[in-house]
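Here are the chains, one letter per residue:
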Amino acid sequence: MAAIETHDLTKRYGDVTALDGLSLSVPEGELFGLLGPNGSGKTTTIEILTGQLDPTEGTASVLGHDPVADPQAVREAVGILPEREDPPSFLTPREYLQFVGDVRGFDAVDDRIAEWADRLGFDHKLDTLSTDLSEGERQRVMLAQTFIHEPDLVFIDEPLVNLDPIMQAEVKDHMREYCERGNTLFLSTHFLEVAEELCTSVGIIRDSAFVAERDPSDLDGDEQLLDYFRQEVEESGSADAETAVTDGGDRSLGAAGDTDR
Ligand SMILES: Nc1ncnc2c1ncn2[C@@H]1O[C@H](COP(=O)(O)OP(=O)(O)OP(=O)(O)O)[C@@H](O)[C@H]1O
């Protein structure tokens, strides 16, 4: 069964088309990466699939639930880490994760908090107000809330932002193992090296429409993901595409400041 299935998903805001007829199927167990220039519709896609935003047209199925007809069922079934989200500044990580436990209704909340704080290296900060945590420590807490209830499907926008290199490696390992156990991960990122290293499949979106899908391991040595992305995106000839493809040595696309939020 596909974990995610969409048909002609479209979102319009007046004259602005944020998403234009997205049809997509993500099988269970896939680590899927959605790539695209700034403003191409990645966040809109995730918001529709997680029941936060209604499409103007089209249908979607997420773990067998319809995110329009039953957004609550989708939100209960999945883990979500939106872009640039922090735990509330006035709660400690322990209080925030206990709150998540209450809302999500899972058992052994204290044990799971201890396990995830240990795994993500913020056990010594569990009782520190979030306002006093570093950016990377807050990202670790947000990653914990994403996975703590062991969902079958997780949506993550830029998972590695602000993490130090050791924690980046650990989170990558975790995401890989999570999918090897049959779970599904839907990742949105501007960092092609992350997509290339981790994803079993990538989709490229431009001008709000889906243009290509590819298994990164099928790319040969001369056809790196950046070149492939550039080729697919530049075909649109849009100004957006040209500003989006920035080599810059770090192979990040269109958001040079993304690591420093
Ligand atoms: N509430 C809104 N009202 C009007 N236009 C919107 C709204 N939300 C998004 N858009 C537009 O829809 C398009 C797609 O936005 P979206 O946030 O999905 O892009 P994105 O691919 O996630 O971009 P980025 O890589 O910069 O995060 C953009 O042109 C954006 O300006």
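Residues take numbers from 1 onward in each chain, read along the sequence in its written order. Local features in this predicted model are restricted to residues of pLDDT 70 or higher, and side-chain atom pairs are both shown and tallied only at a pLDDT of 80 or more, whereas totals for entire chains, interfaces and linings draw on every residue.

Peer 1: Please explain the site of the ligand as it appears in this structure.
Peer 2: In the region of the ligand, the neighbouring residues are Tyr13, Val16, Ala18, Gly36, Asn38, Gly39, Ser40, Gly41, Lys42, Thr43 and Thr44. The secondary structure listing takes helices from DSSP runs of H or I that are at least 4 residues long and strands from runs of E that are at least 2 residues long, numbered from the N terminus. Of all the secondary structure elements, the ones that give two or more residues to the shell around the ligand are strand S2 (16–27) and helix H1 (42–49). Tallying contributions element by element places H1 first for the shell around the ligand, with three residues. Just so you know the grouping, Ala, Val, Leu, Ile, Met, Phe, Trp, Tyr, Cys and Pro go in nonpolar, Asp, Glu, Lys and Arg go in charged, and all remaining residues, Gly too, go in polar. Taken together, the residues of the shell around the ligand sort by class into three nonpolar, seven polar and one charged. Nearness rests on one distance test: the residue's C-beta atom, set from the backbone, must lie within 6 Å of the molecule or strand.

Peer 1: Quick question: what am I supposed to make of the nonpolar core here?
Peer 2: If you look at soluble globular proteins, the nonpolar side chains tend to sit buried side by side. With 63 residues, the main nonpolar core has Leu31, Phe32, Ala144, Phe155, Leu185, Phe186 and Ala195 as its most contacted residues. Once C-beta atoms have been placed from the backbone, residue pairs whose C-beta atoms lie within 7 Å are recorded as contacts. In contact with Leu185, not counting residues within four places along its chain, are Leu31, Phe32, Val154, Ile156, Met175, Tyr178 and Cys179. In this description, a nonpolar core means buried residues of the types Ala, Val, Leu, Ile, Met, Phe, Trp, Tyr and Cys, linked to one another by C-beta atoms lying within 7 Å. Put plainly, a residue is buried at 20 or more neighbouring C-beta atoms within 10 Å of its own, exposed at 12 or fewer, and partly exposed in between, counting only other residues' C-beta atoms, which are placed from the backbone.

Peer 1: Help me understand the sheet that holds strand S9 (residues 209–214), please; the structure alone is not making it clear to me.
Peer 2: Two orientations exist for strands paired in a sheet by backbone hydrogen bonds: parallel and antiparallel. By the convention used here, strands pair only if DSSP detects at least 2 bridges between them. Strands sit in the order S5-S6-S7-S3-S8-S9 across an open sheet of six strands; the sheet is mixed. Whereas interior strands pair on both sides, the edge strands pair on one side only; in this sheet they are strand S5 (78–81) and S9. Neighbour-to-neighbour, the strand axes of this sheet turn through a mean angle of 15°, independent of strand direction. Across five bridges, the pairing between strand S6 (residues 153–157) and strand S7 (residues 184–188) is parallel. For Asp157, the partnering residue across the bridge sits in S7 and is Ser188. Axis lines are fitted through C-alpha atoms, for helices just across the contact stretch, and the angle between N-to-C directions can take any value from 0 to 180 degrees. In this fold H1 packs onto strand S3 (31–35), S6, S7 and strand S8 (201–206), with an angle of close to 150° to the strand it touches most, S6. Strands S5 and S6 of the sheet are contacted by helix H5 (residues 135–147), whose axis makes an angle of about 165° with S5.

Peer 1: Would you mind going over H1 with me for this structure?
Peer 2: Quick reminder: α-helices carry 3.6 residues per turn. Residues three or four places apart thus point the same way. Of all eight residues that make up H1, seven are buried, and the element is covered over most of its length. Three or more residues of H1 are buried, namely Lys42, Thr44, Thr45, Ile46, Glu47, Ile48 and Leu49. With its phi angle positive at about 75°, Gly51 sits one or two positions after the end of H1.

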